[in-house]
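# Structure assessment
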Amino acid sequence: MALQQLSEEQVRTWTRAQKDEWWFKNVYRGDMPQLTLRSALTGFVLGGLLAATALYIGGKTGITIGVGLTSVILAFSIFRMLAKSGLAKDFTILENNCTQSIATAAGYMITPLISSLAAYMLVTGKIVPWWQMIIWNAVISILGVLVAFPMKRRFINEDQLPFPEGRACGVVLDTLYTGEEKTGVFQAKLLWVTGGLTALYQLIVSDGWMKLLQFKILRLDKWAGMTEPWNFHERLDTYYYVLATKFSLWTPKILGTDIRTLGLRATLDAAMLGVGGLMGIRVASSCAIGAFVNFAVLAPIMIQRGDIKSYTLPSGALVAISRPEIVNQWALWWGVTMMVVGSMVCLAAKPEIFTSAVKNLTRKKSAPIAGATSAKSVDVLAGIELPLWLSYVGVPVFSVIAAWITHLFFGVPWLMSFISLPLIFLLTVICTNSMALTSWTPTGALSKITQFTMGAIDRANPANNLIPAGMTAEIASNAGNLLSDIKPGYMLGGKPRHQAIGHVIGIFAGAIASTPLFFLLFLPERNGVRSASTILSDAFPMPGALQWKGVADLITNGLSSLPTSALVAMGFAAVAAVVFEVLRIKTKGRFPLSAVSIGLGVILPPEYCFTMFAGALIFWWFGRKHKTAGTKGHALWVEGCEPICAGLISGAALIGIGNALVNVLLE
């Protein structure tokens, strides 16, 4: 059915009480099941699984992927199949909406793990105990919920702000449940088939799964005499280098450096193809350009100059030049400069985010107009909204708890924890307003405000800028993203209180699923010992954490600690970032490069960047070829882009996580 909404004139002239009364009478579906036991359990399970895939992708790319639409399609297809088989009743549209609220909240919980917390461990060398990570992450996320709900009444109920990403989710839900059934079934099939085929491919390229199959199940080591299990190599150029070694073939080099040392490999990574399809051609091509400029042009020159070199540890071990060392010794600085300056310029170029935020919080209520519904200020939603007293009491209480555990777990002084708290409310208003207008939460740029502010007070201890910045960033982004999740519920007539409860359920689902997985993937035990040095690897370069670490190192050590060439590169990067973002703004988004994405490409393994570009190029090409709505090609490559990409990511990530677990068990 057509989704009901107020006209622009009604939004502008009606009071909030009038808008609430209209919504309660025309949209609210109080008699429809919403937060049921099965929707909560489904959301908890899907949220845990999708948080795991998000952590896997975040460790690889530093990008936090949205899981809302994926959970909607998965829940729809699961319960539609169960209903047809007679095993369960079909989900209602509002049950699915509650499920996506839980699952999406779970997906947000990985953000500190791949940014501030990982950077803290890299800088200090201290491993944060798992239970401290869960408690700290859950407390600050709940604080984000409590901060968000007073804003919900202004941004969603009264101002009817668009929240484009949330609205898209509401439209998809409406299409699945009230539109043509075949549309939803087709998208669900795309997701399941793509996920299944990707999982099969990932099994073939996984050393752990192949070892389990060939040695533990088929026992090929016993009766066939195999000493090493066979698996297909994801790095396709491996086959060439095997032949090159055997037959003394040419080994590609740039200025005398083997291109493998530079990280220039040909890789078929299914998850990266899916990430590229979701990020689009502009972002993916910018990442590829950043990777090419850094690893194919600048890094060989710096190696030749001696600004990037091998060195010996105090233990006597030799650290050879490699892609991670290229990033750590030199490239990190100009890459981070591009990302920070680019995001700051992008934020400054959107003054409406700030001005409308202030106006929204200070504007007087509109006067009632003739012909409108009753202007009586009776709160018709009092029984279904989250009570405001929970926020008024909960925010101070949880702020004190957050400051206390930040001091207790990380050694951040009480004073610095409390100084950072006022920034939470400022950044939350900005993040929420930005999410409402653009579906973009500028937490990367805004967190640097806290990081530099805390760093100006205390340069000696990196924890004093990393952890408060991580706290403010997570609270602000959680609040903004929560309101984006509530938008589809408002559109479809869901109970806000149920979505708030669902969001809290999702917080615990995400924390419980992602924290143990963080230790499994990034902090595995070796001879009974965990080390922060394993957080960074070729498989998981942790670009988000590297950006936070780079800023913390810069605050602590100052610019004088960097090579002259790195300072020059930072200067050029800052100017280029300003130019690129200004050109993008002046051309209204038609300029094809993104400074933030170029900086990301500098930190990421180039093989990932080129694979993401290939994925984006495939969907861009077929999207241009099949522009006409209603055709099979358009349904597959345009409308089916997200389900296909979700299948690629989920299939690869879940099997990849399983492979890591199998390797641990086999050892």
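Residues numbered from 1 in each chain as written. Predicted model: local features only at pLDDT ≥ 70, side-chain atom pairs only at ≥ 80, totals over all residues. Heavy atoms only, no water.

It is worth spelling out the packing of helix α3 (residues 37-61) against helix α5 (residues 93-108) at this point. The axes of two packed helices give the description: the angle between them and the distance between them. It is at 8 Å that the axes of α3 and α5 come closest, and there the two elements cross at 35°. Crossing of α3 over α5 shows right-handed handedness. Seen from α3, the contacting residues are Arg38, Ser39, Ala40, Thr42, Gly43, Phe44, Leu46, Gly47, Gly48, Leu50 and Ala51; seen from α5, they are Glu95, Cys98, Thr99, Ile102, Ala103, Ala106 and Gly107. Its residues placed into classes, the contact of α3 with α5 shows 9 nonpolar, 7 polar and 2 charged. (Axes fitted to C-alpha atoms, helices over the stretch in contact; angles between N-to-C directions. Helix = DSSP H or I, 4+ residues; strand = E, 2+ residues; numbered from the N terminus. Left-handed = near helix turned anticlockwise from the far one by under 90°. Contact = heavy atoms within 4.5 Å. Nonpolar A, V, L, I, M, F, W, Y, C, P; charged D, E, K, R; others polar.)

Here cysteine 609 is to be found in helix α25 (residues 606-625). The class of cysteine 609 is buried, set by a relative accessible area of 0%. Residues cysteine 609 and leucine 190, spaced 419 residues apart in sequence, show a C-alpha to C-alpha distance of 25 Å. Beyond its immediate stretch of four places on either side in the chain, cysteine 609 contacts Cys287, Ala288, Ala291, Gly601 and Leu604. (Buried < 20%, exposed > 50% of the residue type's maximum accessible area, 1.4 Å probe, protein only.)

The tally for this structure, following the rule as stated, stands at 2 cavities of 30 Å³ or more. For the second largest cavity, the calculated volume is near 60 Å³. Top element by residues in the lining of the second largest cavity is helix α15 (residues 323-348). It accounts for 4 residues. When grouped by side-chain class, the residues that make up the lining of the second largest cavity number 6 nonpolar, 2 polar and 1 charged. (1 Å grid on protein atoms, 1.4 Å probe; cavity = no way out; pocket = protein on both sides within 12 Å on 5 of 7 lines; lining within 4 Å. Points joined across faces, edges and corners; volume = space filled by probe spheres on them.)

Further remarks concern a nonpolar patch on the surface. Nonpolar side chains collect at one region of the surface, where Trp389, Tyr392, Val393, Val397, Val400, Ile401, Trp404, Leu408, Trp414 and Phe418 lie side by side and expose about 980 Å² of accessible area between them. For the nonpolar patch, the secondary-structure elements that each account for two or more residues are α17 (388-410) and α18 (414-438). Among the elements that line the nonpolar patch, the one with the most residues is α17, at 8 residues. Mapped onto the fold, phenylalanine 418 is located in helix α18. The exposure class of phenylalanine 418 is partly exposed, given its relative accessible area of 34%. (Patch = residues over 30% accessible without salt bridge, like charges linked within 9 Å, V, L, I, M, F, W, Y side chains within 5 Å. Areas by Shrake-Rupley, 256 points an atom, 1.4 Å probe, with all protein chains shown as cover. Salt bridge = Lys/Arg side-chain N within 4 Å of Asp/Glu carboxyl O.)

The next point concerns the packing of aromatic side chains. With the rule as written, the count across this model stands at 19 aromatic pairs. Measuring from ring centre to ring centre gives 5.6 Å for tyrosine 56 and phenylalanine 540, while their planes differ by 80°; the resulting arrangement is edge-to-face. Of the two residues, tyrosine 56 sits in helix α3 while phenylalanine 540 sits in the loop between α21 (496-522) and α22 (543-557), which places them 484 residues apart along the sequence. Both residues of the pair, tyrosine 56 and phenylalanine 540, count as buried. Between phenylalanine 79 and phenylalanine 91, the aromatic rings sit 4.0 Å apart at their centres with planes inclined by 5°, giving stacked as the arrangement. Separated by 12 residues along the polypeptide, phenylalanine 79 in helix α4 (residues 68-84) and phenylalanine 91 in the loop between α4 and α5 bring together distant segments of the chain. Each of the two residues, phenylalanine 79 as well as phenylalanine 91, counts as buried. Taken together, the ring pairs in this structure connect Tyr56, Phe518, Phe519, Phe522 and Phe540 into an aromatic cluster. The ring of phenylalanine 540 carries the charged tip of lysine 60 above its face, separated from the ring centre by 5.5 Å. The ring centre of tyrosine 241 lies 3.8 Å from the NZ or CZ of arginine 260, which sits over that ring. (Phe/Tyr/Trp six-rings, centres within 6.5 Å; stacked < 30°, edge-to-face > 60°. Lys NZ or Arg CZ within 6 Å of the ring centre and 35° of its normal.)

It is worth spelling out the nonpolar core at this point. Ranked by size, the top nonpolar core spans 152 residues in total, and within it Met121, Trp136, Trp334, Phe410 and Phe518 carry the most contacts. A per-element tally of this core places helix α7 (residues 130-158) first, with 16 residues. Excluding residues within four positions of it along the chain, phenylalanine 410 makes contact with Leu117, Tyr120, Val128, Trp136, Ile405, Ala463 and Ile467. Counting residues in hydrophobic clusters, the runner-up holds 20 residues, among them Leu46, Val72, Cys169 and Leu173. (Core = buried A, V, L, I, M, F, W, Y, C linked by side-chain atoms within 4.5 Å.)

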